[in-house]
Amino acid sequence: MLQRISDVVGLMATPLRPSHYLELVQPLWSTHRLQARVESVWDETSDTRTLTLRPGHGFRRHRAGQHVRVGVSVGGRQMTRTYSISSSPDRSDGRFTITVKHAGRVSGFLARDVRPGHLLSIGLPQGDFHLPDAAPVRPLFITAGSGITPVMSMLRTFVLRWHMPDTSHVHYAPHAHDVIFGRELEGIAAKLPNYRFHPMFTRDGHGPRHFSEAQLEELCPDWRERDVWACGPQSLLDDVTACFERAGRARYLHIERFTAPLARLPANLTGGTVLFRRSGVEVRADGKKALLRVAEDASIAAPHGCRMGVCHTCDATMVSGCVRDLRTGLEVNEPGSRIQLCVCAAAGNVEIEL
């Protein structure tokens, strides 16, 4: 009966759907798009803010460590970025948090300008960077900067469940006041002896404090017997990966990247003219800037999601010309190829169906 009523109302609402009218009354009731309302904001450090979000109808419970896409309107343009969920899925109030570092247009807007009551478009939780559901683990967490956010979701889950496994955590930050969630992490370590927190400050003037195998051996002597979750800047993840590959432990390493791993490209690369066919816009691009950025700089609203070559939301057809995959350095020059705008750059003149 409810379905029949909905069908009748849908016919009367055409070309809109009943959800569009519900959105006018209560945005979080809409079903045609998923939104969240900012409930509160909290400054974690001088350049990092946590937003507590109340999701609307259709949101699903995340797994600790997963991320979510968040869309905002900046300068009249809808832009989307991906953020790790920093709260536990066991939180009892149905809300979740994202913790955003001030960097770039979207993150800068979220970390500085968003206020309680603001509505954000969101996606469903995604990602494979999470703990196993049943198997017991002895985790080693290696994080730096805002790479702490997905791991914080895991730690908060352990705390809420009153079950902290034997855990070692090495975290890198420039100074003590730059450690996101610093007081909370210290509090967990003080209350739960199974959690050993090792903050490393890379700019405190006491010698090199960056990741190395010798340092890891000192901080966590049994690292070769643990499963490892690492998240942070590309340089850290490259060093961690090399370390675990040398030790034959690569399959026990789980990595979450905020940007795509890029190939080392020659400094003298040349780009070309990019023609966005449907938009009728022609611009000059160098050989290193991703075509998604080129489109955005030209005020073209290109669909996108992860911005790192994973979700394929930004895929577009290359009508003619040549592009270079920034992850591999390989060129694609077959007309009609589907290319990922977020990880491809112009390698000569190129025409794109966008």
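- In the annotation of an unreviewed UniProt entry, the chain is listed under the name Ferredoxin reductase and assigned to Pendulispora brunnea.
- Under the heading Cofactor (unreviewed entry), UniProt records this for the chain: "FAD".
- Here the chain is described in UniProt, under the heading Sequence similarities (unreviewed entry), as follows: "In the N-terminal section; belongs to the FAD-binding oxidoreductase type 6 family."

### A few points about the pattern of salt bridges
Line of reasoning, step 1. According to the stated counting rule, one finds 26 salt bridges in the structure shown.
Line of reasoning, step 2. Its salt-bridge partner being Arg161, residue Asp90 comes within 2.5 Å of it at the nearest N-O pair. Separated by 71 residues along the polypeptide, Asp90 in the loop between strand E4 (77-84) and strand E5 (96-101) and Arg161 in the loop between helix H4 (148-160) and strand E8 (167-173) bring together distant segments of the chain.
Line of reasoning, step 3. On the accessibility criterion, Asp90 (26% relative accessible area) is partly exposed.
Line of reasoning, step 4. In the salt-bridge network here, residues are joined through shared partners; they are Arg37, Glu39, Arg54, Arg91, Asp93 and Arg95.

### A look at the sheet that holds E8
Line of reasoning, step 1. Spatial ordering of the open sheet is given by E9-E8-E7-E10-E11, a layout of five strands whose pairing is parallel. Unpaired on one side and paired on the other, strand E9 (195-201) and strand E11 (253-256) mark the two borders of the sheet. Adjacent strand axes in the sheet meet at a mean angle of 15°, parallel and antiparallel pairs treated alike.

### As for the nonpolar core
Line of reasoning, step 1. Among the nonpolar cores identified, the biggest contains 25 residues, and Val274, Phe276, Leu291, Ile339, Leu341, Ile352 and Leu354 are the most heavily contacted of them.
Line of reasoning, step 2. Sorting the residues of this core by element identifies strand E12 (272-276), helix H8 (291-297), strand E14 (315-325) and strand E17 (344-353) as the ones contributing at least two each.
Line of reasoning, step 3. Excluding residues that lie within four positions of it along the chain, Leu291 makes contacts with Val274, Phe276, Val323, Ile339, Leu341, Cys344, Ala345, Ala346 and Ile352.
Line of reasoning, step 4. One finds Ala64, Phe141, Trp229 and Cys231 within the second-largest nonpolar core, a separate group that totals 23 residues.

### Digging into the packing of aromatic side chains
Line of reasoning, step 1. Evaluation of the coordinates by the stated rule reveals four aromatic pairs.
Line of reasoning, step 2. Where Tyr195 meets Phe197, the ring centres are 6.2 Å apart and the plane angle is 15°; that geometry is what we call stacked.
Line of reasoning, step 3. Arg156 extends its terminal NZ or CZ atom over the ring of Phe181, reaching a point 4.9 Å from the ring centre.
Line of reasoning, step 4. When the ring centre of Tyr252 is taken as origin, the NZ or CZ atom of Arg249, which lies over that ring, is 3.7 Å away.

### Here we look at helix H7 (residues 234-246)
Line of reasoning, step 1. With 13 residues, H7 extends 18 Å between its outermost C-alpha atoms, agreeing within 8% with the 18 Å of an ideal straight helix rising 1.5 Å per residue.
Line of reasoning, step 2. Those residues of H7 lying buried are Leu236, Leu237, Val240, Thr241, Cys243 and Phe244. The buried residues of H7 occupy one face: seen down the axis, they fall within an arc of 160°. Every exposed residue of H7 that faces more than 90 degrees away from the buried side is listed here: Ser235, Glu245 and Arg246.
Line of reasoning, step 3. In this structure, the buried residues of H7 make contact with strand E7 (139-144), E8, helix H6 (213-219), strand E10 (227-231) and E11.
Line of reasoning, step 4. Looking one or two residues past H7, Gly248 carries a phi angle of roughly 70°, positive in sign.

### What about the sheet that holds E5?
Line of reasoning, step 1. Pairing in this open sheet of six strands is antiparallel, and the strands run E4-E3-E6-E1-E2-E5 from one edge to the other. Strands with a single pairing partner mark the edges of an open sheet, and in this sheet they are E4 and E5. Neighbour-to-neighbour, the strand axes of this sheet turn through a mean angle of 40°, independent of strand direction.
Line of reasoning, step 2. Bridging between strand E3 (residues 67-74) and E4 involves eight bridges; their strand directions are antiparallel. The residue of E4 that forms the bridge with Gly71 is Thr80.

### What about the pairing of E5?
Line of reasoning, step 1. Counting buried positions over the six residues of E5 gives five, a clear majority of the element.
Line of reasoning, step 2. Sheet analysis places strand E2 (residues 48-55) next to E5, joined by six bridges and oriented antiparallel. Bridging across to E5, Leu51 finds its partner in Ile98.

### Some remarks on unusual backbone geometry
Line of reasoning, step 1. With a phi close to 65°, Phe181 is a non-glycine residue in the positive phi region.
Line of reasoning, step 2. Of note, Phe181 is situated in the loop between E8 and helix H5 (182-191).
Line of reasoning, step 3. A positive phi is found at Ser299, a non-glycine position, where the angle reads about 65°.
Line of reasoning, step 4. Relative to the helices and strands, Ser299 resides in the loop between H8 and E14.
Line of reasoning, step 5. On the accessibility criterion, Ser299 (56% relative accessible area) is exposed.

Thresholds, definitions, all that
Residues numbered from 1 in each chain as written. Predicted model: local features only at pLDDT ≥ 70, side-chain atom pairs only at ≥ 80, totals over all residues. Heavy atoms only, no water. UniProt positions renumbered as here; feature names shortened; annotations may be inferred. Salt bridge = Lys/Arg side-chain N within 4 Å of Asp/Glu carboxyl O. Helix = DSSP H or I, 4+ residues; strand = E, 2+ residues; numbered from the N terminus. Buried < 20%, exposed > 50% of the residue type's maximum accessible area, 1.4 Å probe, protein only. Pairing = 2+ DSSP bridges. Axes fitted to C-alpha atoms, helices over the stretch in contact; angles between N-to-C directions. Core = buried A, V, L, I, M, F, W, Y, C linked by side-chain atoms within 4.5 Å. Contact = heavy atoms within 4.5 Å. Phe/Tyr/Trp six-rings, centres within 6.5 Å; stacked < 30°, edge-to-face > 60°. Lys NZ or Arg CZ within 6 Å of the ring centre and 35° of its normal. Expected span 1.5 Å × (residues − 1). Arc of directions from axis to C-beta.

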